[in-house]
Amino acid sequence: MVHWKNIFTTDPGRTRHRVEVERRRLLPAYAADETDTSDASKEIAKVALRLKYQMEQVVSCEVEENVLTNPNSRIITDDVVETARQAGGDDYKASVVYCLLVCLRWFKIQSSVELWDSDLHEVRAVACEVIAKRIIESEQNQDYVFRDILLKRYSIFSEGVETDPANVIERSVDLHALRIISSAPYQKCIQYLWRGWICQEEGNPTNFVEYSEKSNTEYWVHFHPDRMRTPLYQNVCQILFSLIYLAVYTAVINTVNPTGDLDVAEAILYGMTLGFICDEGIKFWKVGWNYLEFWNAFNSTLYTIMAVSLALRFVALAHSPSTHDEQRRLYNELSYNFLAFAGPMFWIRMMLYLDSFKFFGAMFVVLRVMMKESLIFFALLFVVMAGFFQAFVGMAQVDPDIPLHRNILQGMVNSIMQSPEFDTFQDFAFPFGIILYYVFNFIVMTVLLNILIALYNSAYEDISGNATDEYMAIFAQKTMQFVRAPDENVFIPPFNLVEIVFLVAPFEWWLSREAYAKVNDIVMGVIYSPLLVVTAWVETRQAHRIRWNRRHGEEDDDCAQEWEHVAKEVNFDLDDTWKQHVVESTPDIKVDSCTYELRELKEQVKMLTETVKGLTQEIVDMKTGGAS
């Protein structure tokens, strides 16, 4: 659970305890582990260094990326993958994938530092991804992959201290390692987390365990508030509350109060905003800078505007309607103007919850990349505008008849928006003003805007050409947002205000942990009961399907497809004759046509050599017999 008082206290004992809790392993070990954590981190650091050395030897020069990513790569061979797998030995075998991600990060850093070998270090980073993906996909034991490779947290010893514990799931999202994210075991683990089949352990939310009741067909077993930790259900709640948030905003903006008094709708609107602000703040405090993304910045901007609107409303209410009616009306109008200004952001915010659909998810990635690329354009634009604005201001100081600074700035901004105002600068310190304005328009409209278009086009081509992997990456990131800042008691905004006001403040500081947890379960059971009625029914149906799959020897998440139903209906079964025909006619896709022809030629040369040897021996025998 969230201990809100820890945010405002500096008790070293509590802080140390919280850090130790955060450093626990994500999944429990099944064998006793007596190794000291610092020794383990040093050994894992050695594994990472071994792998870095291997990557430097395997990729010793610059090569094309597709040479490494090719399934039949002549560089990333099975022997190379097996050597990388052995870098951890028997004790740290499961940490190899994590160490490859550490090497990937090191090569990325080296690429930005050693610019002369930037391309070489980039392809080495690609090699780390490719090998990590092949190791993950080659493991047959799913429990081992989930428990020890993907979800177990590791640290390395760096600069005299251990790094923050992290797992492969987290690191892949942070480093945007698309090849690892798009691997089948990784996506399956994400789906298990999303559905709540792997969930936070009771009493230790930083630890993840398998949901033991997923195959239980009893309805009331699944009717439990702890199931609200499931990312899928939290996402549904967020969509529902966002729709309510939008509806309340629509009601507020269409019913303006001339007196400036707060009505019920406005109180609900600002109360929900406060809940969202608290939620963003506590997640940033727990996760750190990795939590900051495009949509977080977007939401923070919206909440800031709403906070300014509320502050202005309070200022207006502080003025008496009888003695300071004009000032009250002024601040009230400003408050409503800020509120109306946020209207487009309220509707755009709804798109945030559509990223679970493939089309919208890929397009949101394009939008995010475009916003990052825009920083280059605006940086150049700021420098250009500052120089020209200073020149125009200097001319304005020389000639008092020249228009004010506001007209100058407006004319420059209109040029950026493809609507230049030549009349304003026609008589501006003639002929210097108009010449300078023509030069400014050429630089902005011809050079900078075309650079921006080229950046946008490049971003769109890069993302749209890899849309499926980008969608899987944004889905993994969305899932991690729910599980990365774990909370024993999930109070989705604006219900987190209920936790703060009615649970944390009056009870947390004096109730025992067990009693406080029980109170939380009761409150959560009440407020989430309408949703739990539906989720328990859904999980009961899933339990029946899981049992059916297990009876037929299938995976828990297996879903019968159309062709499987058809095969069952027509009683289809592959006979050995047809299998043999298929084997005989199936080409070896692991070998390209040139290599295949060379192999055939080698066999023919071998046969020809043996034939020549046989004929030569016969001739020798004949000569020997004739001589005798």
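The rules behind each value
Residues numbered from 1 in each chain as written. Predicted model: local features only at pLDDT ≥ 70, side-chain atom pairs only at ≥ 80, totals over all residues. Heavy atoms only, no water. Helix = DSSP H or I, 4+ residues; strand = E, 2+ residues; numbered from the N terminus. Contact = heavy atoms within 4.5 Å. 1 Å grid on protein atoms, 1.4 Å probe; cavity = no way out; pocket = protein on both sides within 12 Å on 5 of 7 lines; lining within 4 Å. Points joined across faces, edges and corners; volume = space filled by probe spheres on them. Nonpolar A, V, L, I, M, F, W, Y, C, P; charged D, E, K, R; others polar. Phe/Tyr/Trp six-rings, centres within 6.5 Å; stacked < 30°, edge-to-face > 60°. Lys NZ or Arg CZ within 6 Å of the ring centre and 35° of its normal. Axes fitted to C-alpha atoms, helices over the stretch in contact; angles between N-to-C directions. Parallel < 35°, antiparallel > 145°, perpendicular 65-115°, else oblique. Expected span 1.5 Å × (residues − 1). Buried < 20%, exposed > 50% of the residue type's maximum accessible area, 1.4 Å probe, protein only. Arc of directions from axis to C-beta. UniProt positions renumbered as here; feature names shortened; annotations may be inferred. Left-handed = near helix turned anticlockwise from the far one by under 90°. Domains from an automatic or database assignment. Salt bridge = Lys/Arg side-chain N within 4 Å of Asp/Glu carboxyl O.

### Concerning the environment of Met480
Here comes step 1: In this fold, Met480 is placed in helix 21 (residues 467-483).
Here comes step 2: Separated by 310 residues in the primary sequence, Met480 and Glu170 place their C-alpha atoms 7.3 Å from one another.
Here comes step 3: Residues contacting Met480, with those up to four places away along its chain left out, are Ile169, Glu170 and Val173.

### What to know about empty space enclosed by the protein
Here comes step 1: Under the defined criterion, the tally for this structure stands at six cavities of 30 Å³ or more.
Here comes step 2: Computed from the structure, the largest cavity encloses a volume of approximately 420 Å³.
Here comes step 3: Lining the largest cavity are 27 residues, and of these Trp295, Asn296, Asn299, Leu352 and Gln481 sit closest to its centre.
Here comes step 4: The residue makeup of the lining of the largest cavity, split by class, is 14 nonpolar, five polar and eight charged.

### Regarding the packing of aromatic side chains
Here comes step 1: Per the counting criterion, the structure on display carries 22 aromatic pairs.
Here comes step 2: With 5.7 Å between their ring centres and 75° between their planes, Phe495 and Tyr528 make a pair best called edge-to-face. In this pair, Phe495 sits in the loop between helix 21 and helix 22 (496-508) while Tyr528 sits in the loop between helix 23 (513-527) and helix 24 (529-551), placing the two residues 33 residues apart along the sequence.
Here comes step 3: Taken together, the aromatic side chains of Phe388, Phe392, Phe422, Tyr437, Tyr438 and Phe440 make up a single cluster linked through ring pairs.
Here comes step 4: If you follow Arg313 out to its NZ or CZ, it ends over the ring of Tyr336, 4.3 Å from the centre.
Here comes step 5: Positioned over the ring face of Phe276 is Arg349, at 4.7 Å from the centre of the ring.

### Focus: the packing of helix 8 (residues 142-150) against helix 11 (residues 184-195)
Here comes step 1: Where helix 8 contacts helix 11, the two axes come as close as 11 Å, and the packing angle between them is 85°. For the element pair helix 8 / helix 11, the angle class is roughly perpendicular. Between helix 8, through Gln142, Val145, Phe146 and Leu150, and helix 11, the contact on the second element is made entirely by Pro185, Tyr186, Lys188, Cys189 and Tyr192.
Here comes step 2: Looking at the contact of helix 8 with helix 11 residue by residue, the classes come out as seven nonpolar, one polar and one charged.

### Here's the deal with helix 16 (residues 325-341)
Here comes step 1: Compared with an ideal rise of 1.5 Å per residue, which puts 17 residues at 24 Å, helix 16 spans 24 Å between its outermost C-alpha atoms and is within 8% of the ideal.
Here comes step 2: Those residues of helix 16 not exposed but buried are Arg328, Asn332, Ser335, Tyr336 and Leu339. Projected down its long axis, helix 16 carries its buried residues within an arc of 95°, all on one side. Looking at helix 16, the residues exposed on the side facing more than 90 degrees away from the buried face are Glu326, Asn337 and Phe341.

### Notes on the UniProt feature "coiled-coil region" (unreviewed entry) in the chain
Here comes step 1: The feature "coiled-coil region" (unreviewed entry), as given by UniProt, occupies residues 591-618 in the numbering adopted here.
Here comes step 2: Helix and strand shares over residues 591-618 are 93% and 0% respectively, and the end C-alpha atoms of the span are 39 Å apart.

### Thoughts on helix 19 (residues 405-416)
Here comes step 1: The end-to-end C-alpha separation of helix 19 is 17 Å, in line with the 16 Å expected for 12 residues at 1.5 Å each.
Here comes step 2: Following helix 19 by one or two positions, Gln418 has its phi on the positive side, about 65°.

### Regarding the packing of helix 11 against helix 21
The axes of two packed helices give the description: the angle between them and the distance between them.
Here comes step 1: Here helix 11 crosses helix 21 at 40°, and the two axes come no closer than 10 Å. When the axis of helix 11 is compared with that of helix 21, the two are oblique. Crossing geometry of helix 11 relative to helix 21 is assigned as left-handed. Between helix 11, through Tyr186, Gln187, Ile190, Gln191, Leu193 and Trp194, and helix 21, the contact on the second element is made entirely by Met472, Phe475, Ala476, Lys478, Thr479 and Phe482.
Here comes step 2: Across the contact of helix 11 with helix 21, the residue classes break down as eight nonpolar, three polar and one charged.

### Focus: the domain arrangement of the chain
Here comes step 1: With domains assigned, the chain is organised as domain 1 (34-212), domain 2 (256-354), domain 3 (361-479), domain 4 (506-552) and domain 5 (569-621).
Here comes step 2: On a C-alpha basis, the centroid separation for the pair domain 2 and domain 5 is 75 Å.

### A look at the pattern of salt bridges
Here comes step 1: All told, the structure shown has 20 salt bridges when counted by the stated rule.
Here comes step 2: One salt bridge connects Glu266 with Arg313, and the closest N-O pair in it is separated by 2.9 Å. Of the two residues, Glu266 sits in helix 14 (residues 264-287) while Arg313 sits in helix 15 (residues 294-318), which places them 47 residues apart along the sequence.
Here comes step 3: Taking relative accessible area as the criterion, Arg313 reaches 0% and is therefore assigned buried.
Here comes step 4: Salt bridges sharing common partners tie together Glu210, Lys214, Arg550 and Asp556.

### Some words on the side chain of Arg124
Here comes step 1: Examined against the element boundaries, Arg124 turns out to sit in helix 7 (residues 118-138).
Here comes step 2: Among residues more than four places away in sequence, those in contact with Arg124 are Met55, Glu56, Val59, Ser60 and Phe107.

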